[in-house]
There are 4 protein chains.
Amino acid sequence: MELTDAQGAEIGAARAAEARTLRPTVPALEALLYTPLPVLDHGFLRVVDYMGDDAAIVQAARVSYGRGTKRVQDDAGLIRYLMRHRHSTPFEMAEIKWHVKLPIFVARQWIRHRTANVNEISARYSVLDREFYIPAREALAAQSADNRQGRGALLDGEEAEEVLRLLREDAARCHDHYLWMLNEGEDGARADPSRRGLARELARMNLTLNTYTQWYWKTDLHNLLHFLSLRADPHAQYEIRAYAEVMLEVVKAWVPITAQAFLDYRLGAVTFSAQMLAALKRMLAGETVTAESAGMSRREWREFMAALGREA
Amino acid sequence: MELTDAQGAEIGAARAAEARTLRPTVPALEALLYTPLPVLDHGFLRVVDYMGDDAAIVQAARVSYGRGTKRVQDDAGLIRYLMRHRHSTPFEMAEIKWHVKLPIFVARQWIRHRTANVNEISARYSVLDREFYIPAREALAAQSADNRQGRGALLDGEEAEEVLRLLREDAARCHDHYLWMLNEGEDGARADPSRRGLARELARMNLTLNTYTQWYWKTDLHNLLHFLSLRADPHAQYEIRAYAEVMLEVVKAWVPITAQAFLDYRLGAVTFSAQMLAALKRMLAGETVTAESAGMSRREWREFMAALGREA
Amino acid sequence: MELTDAQGAEIGAARAAEARTLRPTVPALEALLYTPLPVLDHGFLRVVDYMGDDAAIVQAARVSYGRGTKRVQDDAGLIRYLMRHRHSTPFEMAEIKWHVKLPIFVARQWIRHRTANVNEISARYSVLDREFYIPAREALAAQSADNRQGRGALLDGEEAEEVLRLLREDAARCHDHYLWMLNEGEDGARADPSRRGLARELARMNLTLNTYTQWYWKTDLHNLLHFLSLRADPHAQYEIRAYAEVMLEVVKAWVPITAQAFLDYRLGAVTFSAQMLAALKRMLAGETVTAESAGMSRREWREFMAALGREA
Amino acid sequence: MELTDAQGAEIGAARAAEARTLRPTVPALEALLYTPLPVLDHGFLRVVDYMGDDAAIVQAARVSYGRGTKRVQDDAGLIRYLMRHRHSTPFEMAEIKWHVKLPIFVARQWIRHRTANVNEISARYSVLDREFYIPAREALAAQSADNRQGRGALLDGEEAEEVLRLLREDAARCHDHYLWMLNEGEDGARADPSRRGLARELARMNLTLNTYTQWYWKTDLHNLLHFLSLRADPHAQYEIRAYAEVMLEVVKAWVPITAQAFLDYRLGAVTFSAQMLAALKRMLAGETVTAESAGMSRREWREFMAALGREA
């Protein structure tokens with residue numbers, strides 16, 4: 001990830017412009033503000049604004065649940081209680097705004113999370129930079145044999161070389177042709193005065209899905225945690241997970257109590273079905289239980305055993 | 001509107017706890033932060049947090065529309081362009097959080113705006129205070145004769161006296177009985193040890209709809225402006241409009257360029273139908289147009305004439 | 001619950017107007033269509049329209065997950081897999097529309113579910129009927145001693161009598177005064193020609209929160225199930241749970257496979273935190289685990305034991 | 001647009017499976033149900049389900065506004081009133097579900113409309129077909145000189161030939177390499193047994209943005225009309241407008257009264273700012289008004305004159 005001089009100067013200026021505020025402020029997040037955190041080969045995440053902290057979540061909860069909550073529970077206990085019991089509205093009271101640079105195919109997964117505000121660079125107005133995501137060798141995996149959406153063993157040798165070569169060449173050639181079609185020279189003049197140049201909104205269709213795009217993405221903490229619960233999960237595609245994992249680190253700096261509760265009660269938690277719960281009770285009573293006697297499909301049984309760290 | 005000592009102390013503490021931040025900061029809004037702004041007889045609005053300013057809206061728009069926007073338009077011009085052409089996403093990049101005290105029947109209108117985050121005091125957990133909205137004499141209006149949702153002439157004399165007496169007495173009696181049913185004494189003990197006391201979640205049903213409630217309400221600027229376009233409108237019920245008008249003043253302090261654009265292109269704007277536009281063109285060409293020749297219903301024609309400041 | 005003659009006639013007409021359609025159709029739900037299902041003392045639920053069935057959910061999932069899903073899984077297996085792994089979007093492809101009559105304090109809880117479409121009778125336009133929710137004796141409970149939002153033992157004897165008397169009298173008196181303030185006679189004339197009558201939008205504030213209101217409420221199946229997971233839960237207030245339980249029966253008629261998966265993987269399921277899961281594994285290995293050695297608060301430990309059907 | 005035999009058979013089966021229903025039914029829409037309506041070179045739109053009709057909108061409005069609406073207005077008058085005054089909730093009571101085949105760059109614009117339900121074919125699970133959008137000659141336009149997002153004159157001659165050649169070749173080559181990377185043969189076996197084949201979720205990044213994708217898209221009528229007001233507008237990119245225009249024809253078949261009101265009060269309407277309205281009044285009074293004397297920027301003045309069909 002490289003920044004242009006102009007971007008570097010803008011970030012420097014933003015980080016120099018300190019002001020006084022009466023709002024809740026989080027020094028550990030201020031320390032990260034505006035600075036690009038690298039993700040993948042050319043991507044980044046930057047926090048560009050935030051609202052609220054752990055205390056603001058507590059304060060919103062106390063509005064709802066009233067005076068009583070003050071006596072019985074301290075702040076951490078209350079946040080953990082809210083997380084455990086999925087009382088989600090107090091977590092909606094904190095908000096964060098990101099600037100993200102990401103490959104288009106990742107952006108297409110990401111945008112499915114609808115409860116967020118988005119401003120994406122528009123290739124109807126702007127010319128997209130010549131930057132593509134090319135997987136590192138250790139991310140170049142084969143299709144998983146037993147999981148229709150997963151990855152299996154790594155590619156190696158000539159096959160890996162050839163895949164990387166194709167990805168690089170196709171992206172570069174498509175972008176070269178995109179620029180040729182646009183026919184844009186310096187200062188808006190035509191590069192080749194004998195040609196009109198194709199409209200930007202049309203030329204962009206020649207780009208490949210690993211081309212990088214950028215957006216501002218703003219969401220409340222509850223919806224961010226929901227995003228992370230799906231995208232920081234091992235089942236998520238590696239490329240979006242790379243973003244989610246950096247975001248999770250930022251959340252730890254921002255709202256450490258909430259982040260720990262999220263790890264304990266969401267990311268590290270497991271949900272057992274009615275059948276699994278019944279089987280568990282029998283197992284705890286010393287009974288030997290099988291998929292059949294538990295009334296589970298083989299697939300469910302495998303998931304159940306995996307959750308308990310046992311062999312199916 | 002009166003604050004308890006505890007509330008006053010909390011606000012004082014919040015206003016004393018200044019911190020340094022790198023975030024966009026608006027001094028004119030900082031000056032208002034946390035302070036209750038009175039609305040109606042016992043209600044208030046307080047800004048308890050905010051994110052972004054006019055410049056943040058511009059910055060988000062420049063991400064979308066790219067380098068070109070920098071050259072051609074200054075910030076105010078860009079914001080006005082965005083507002084005029086209903087490019088709403090940049091306005092979603094600013095956020096504000098309010099603490100509101102309001103009568104329940106107003107809360108029921110307000111909550112219909114779904115794109116917001118809410119934490120309301122829960123009468124399942126807390127005992128609601130003995131405060132009711134009683135309209136001022138100049139708000140005590142009869143049903144409008146020609147508008148099914150509007151108000152007409154003011155009530156006066158004995159009728160006004162009697163209405164106010166009934167509103168006061170019914171609300172007070174219902175709240176007295178609510179407290180009696182709860183049977184709550186000091187420190188959670190029973191007021192009358194011979195009675196169990198009714199569960200809070202049941203007792204609350206005896207309260208009248210003018211009882212005050214409180215909530216935290218957080219929304220982005222785009223949705224706030226949509227709320228204001230409906231609720232600061234003369235057709236809105238006076239009681240919710242009283243809140244909207246105070247909010248509009250806060251918006252002017254927070255994002256003055258956006259606020260002015262909103263007044264020019266939304267609140268002060270008018271939409272003409274295809275038929276109205278055709279009639280306008282004929283009128284500008286010197287023709288005399290009637291409801292019939294314009295193909296409008298009498299109601300539309302009245303609305304059209306009213307928009308032009310003419311008699312129907 | 002009683003219907004007026006006009007309502008009865010309307011329902012009869014709707015049920016007589018059969019048409020031919022190519023859309024997915026569910027005979028078991030057609031049999032219920034339009035008919036009011038009684039809830040509480042004067043409330044009801046009616047299904048007034050629906051879109052989709054179990055097969056439509058499967059079809060949407062197959063669009064997403066492609067040809068492969070056809071081979072490996074039958075419809076029920078696929079629906080159960082989607083529910084278990086919280087693949088929620090296919091369940092959004094079915095939609096249902098209800099007509100509900102419910103007390104205002106229940107409507108205030110219900111409306112917090114934002115992802116739905118609502119048209120509520122407006123007391124700015126219409127006069128609300130003289131119907132109030134008065135709890136049955138077996139719902140007249142005291143505040144729970146150990147749960148701030150729950151109910152404890154039933155009230156009995158004189159206290160119960162007195163509570164019911166107050167609820168009845170206050171609601172009736174408030175409604176009487178509401179009508180008096182309105183001063184509406186037959187056909188829009190004034191009941192007492194010497195008085196103006198108060199605007200409807202003002203007079204309504206004198207009503208108590210147990211007054212019945214009505215609305216159309218339309219939502220997709222995913223959001224309906226989320227509503228039911230919170231409101232058909234034993235922690236939900238009895239009055240809203242009464243509606244949720246009738247809705248759940250309707251869901252069983254409409255999408256029986258989805259309903260069963262919901263019972264198994266959501267309503268009957270339990271989520272264990274990272275700490276609980278670790279404790280479980282130790283318990284299954286024969287170890288004796290305590291709250292302390294498991295790193296749980298006493299409250300969490302109680303919840304954990306309760307989930308396993310054990311004493312804390 | 002060509003359908004496979006399997007798709008044709010499925011559509012035939014769906015259109016043959018008629019059932020009886022008590023739900024509101026629209027014969028003109030039933031006649032279109034399931035049938036693909038061609039858009040662009042390989043795309044289509046199919047209505048796969050719907051809920052409600054013009055009468056259902058009226059019915060929902062009458063719930064809100066009560067008995068009074070029955071007397072004063074007939075159905076068409078009420079729908080037109082609701083549309084004119086932006087009473088949007090009754091239009092949310094009708095719902096429609098589409099199956100759409102569309103180029104990825106169009107899907108990326110479309111998905112920005114968040115209030116909808118979507119199931120898109122996932123290239124993590126499925127192999128995308130070898131179909132690309134190649135513009136027709138009459139859509140192959142140059143960048144507009146005066147509008148940063150618009151199209152200007154058509155390309156012609158050699159430049160047009162070369163652009164089309166590049167679009168075709170790059171898309172085809174990228175898809176060929178995509179298939180090579182996948183290394184999928186018949187029945188899941190490897191095409192070349194000496195190679196592992198790249199995971200689908202990675203290989204897809206080599207595709208160009210004009211590759212066709214498919215999704216189910218379900219939305220309520222209010223949000224559909226909002227989509228159409230933006231996407232059937234002349235400022236929308238031609239490719240998404242092509243879909244919007246077909247959808248608008250379907251809306252006319254489905255809810256003809258609402259569609260006409262939408263054309264009159266939304267698509268064909270124009271909004272004048274406070275300044276424009278003031279200028280209009282002066283012009284109607286016979287005054288000569290200029291941009292300067294009206295307090296408008298030159299851009300606004302041009303927009304104002306354009307709305308009135310005059311030269312700036």
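Preceding this section is the structure that the text describes.
None of the values given here were measured: they were computed from a predicted structure. (Residues numbered from 1 in each chain as written. Chains lettered and ligands numbered in written order. Predicted model: local features only at pLDDT ≥ 70, side-chain atom pairs only at ≥ 80, totals over all residues. Heavy atoms only, no water.)

**Some points on the overall build of chain A**
Here comes step 1: A count of helical and extended segments in chain A gives 14 helices and 9 strands.
Here comes step 2: For chain A, whose C-alpha radius of gyration is 24 Å, the value lies well above the compact-globule estimate of 20 Å for 312 residues.
Here comes step 3: Projected onto its principal axes, the C-alpha coordinates of chain A cover approximately 85 × 55 × 30 Å.
Here comes step 4: Within the span of chain A, comprising 312 residues, buried residues form 60% of the whole.
Here comes step 5: The contacts in chain A between residues at least 6 apart in sequence include a share of 68% that link residues at least 24 apart.
Here comes step 6: Counting only carbon and sulfur atoms, one obtains 50% of the accessible surface of chain A, whose full area is about 12,100 Å². (Helix = DSSP H or I, 4+ residues; strand = E, 2+ residues; numbered from the N terminus. Rg over C-alpha atoms; globule rule 2.2 N^0.38 Å. Buried < 20%, exposed > 50% of the residue type's maximum accessible area, 1.4 Å probe, protein only. Contact = heavy atoms within 4.5 Å. Areas by Shrake-Rupley, 256 points an atom, 1.4 Å probe, with all protein chains shown as cover.)

**Things to note about the interface of chain D and chain A**
Here comes step 1: Contacts between chain D and chain A engage 61 residues on the former and 61 residues on the latter.
Here comes step 2: Surface buried jointly by chain D and chain A totals about 5,700 Å² across both partners, of which 54% is contributed by carbon and sulfur atoms.
Here comes step 3: Broken down residue by residue, the surface that chain D buries against chain A is led by Arg124, Arg196 and Met205 of chain D, which jointly contribute 13%.
Here comes step 4: The interface formed by chain D and chain A holds 8 salt bridges in total.
Here comes step 5: Taken together, the links from chain D to chain A amount to 36 residue pairs in polar contact (both at pLDDT 80 or more).
Here comes step 6: Listed by contribution, the elements that provide at least two residues to the side of chain D that touches chain A are α6 (104-110), β5 (117-120), β6 (141-143), β7 (151-154), α7 (157-182), α8 (200-203) and α10 (238-254) of chain D.
Here comes step 7: Per element, the largest residue contribution to the side of chain D that touches chain A is 11 residues, and it comes from α7 of chain D.
Here comes step 8: When the residues that make up the side of chain D that touches chain A are grouped by side-chain class, the tally is 30 nonpolar, 13 polar and 18 charged. (Buried area = accessible area lost by both parts, 1.4 Å probe. Salt bridge = Lys/Arg side-chain N within 4 Å of Asp/Glu carboxyl O. Polar contact = N/O pair within 3.5 Å; in protein donor to acceptor, adjacent residues only side chain to side chain. Nonpolar A, V, L, I, M, F, W, Y, C, P; charged D, E, K, R; others polar.)

**Some remarks on the relation of the copies chain A and chain C**
Here comes step 1: At an RMSD of 0.0 Å, chain A and chain C line up after a rotation of 180° and a shift of 0.0 Å along the axis. Read as a symmetry element, the transformation amounts to a two-fold axis. Looking at the rotation axis and the C-alpha trace of chain A, the residue lying nearest is Thr271 of chain A, at 2.0 Å.
Here comes step 2: Both copies share a contact surface, since 100% of the interface residues of chain A are interface residues in chain C too. (Least-squares fit on C-alpha atoms with pLDDT ≥ 70 in both.)

**Some words on the interface of chain A and chain C**
Interfaces are often sized by the accessible area lost when the parts come together.
Here comes step 1: With 34 residues of chain A in contact, the opposing surface of chain C contributes 34 residues.
Here comes step 2: A combined buried area of about 3,100 Å² lies between chain A and chain C, and 50% of that area is made up of carbon and sulfur atoms.
Here comes step 3: At the junction of chain A with chain C, the criterion picks out 4 salt bridges.
Here comes step 4: The partner of Arg114 of chain A in a salt bridge is Glu92 of chain C, and the shortest N-O contact between them spans 2.9 Å.
Here comes step 5: On the surface where chain A and chain C come into contact, there are 15 residue pairs in polar contact (both at pLDDT 80 or more).
Here comes step 6: Sorting the residues of the side of chain A that touches chain C by element identifies α5 (75-84), α11 (256-267), β9 (270-272), α12 (274-284) and α14 (298-307) of chain A as the ones contributing at least two each.
Here comes step 7: It is α12 of chain A that contributes the most residues to the side of chain A that touches chain C, 7 residues altogether.
Here comes step 8: Residue composition of the side of chain A that touches chain C, by class: 13 nonpolar, 9 polar and 12 charged.

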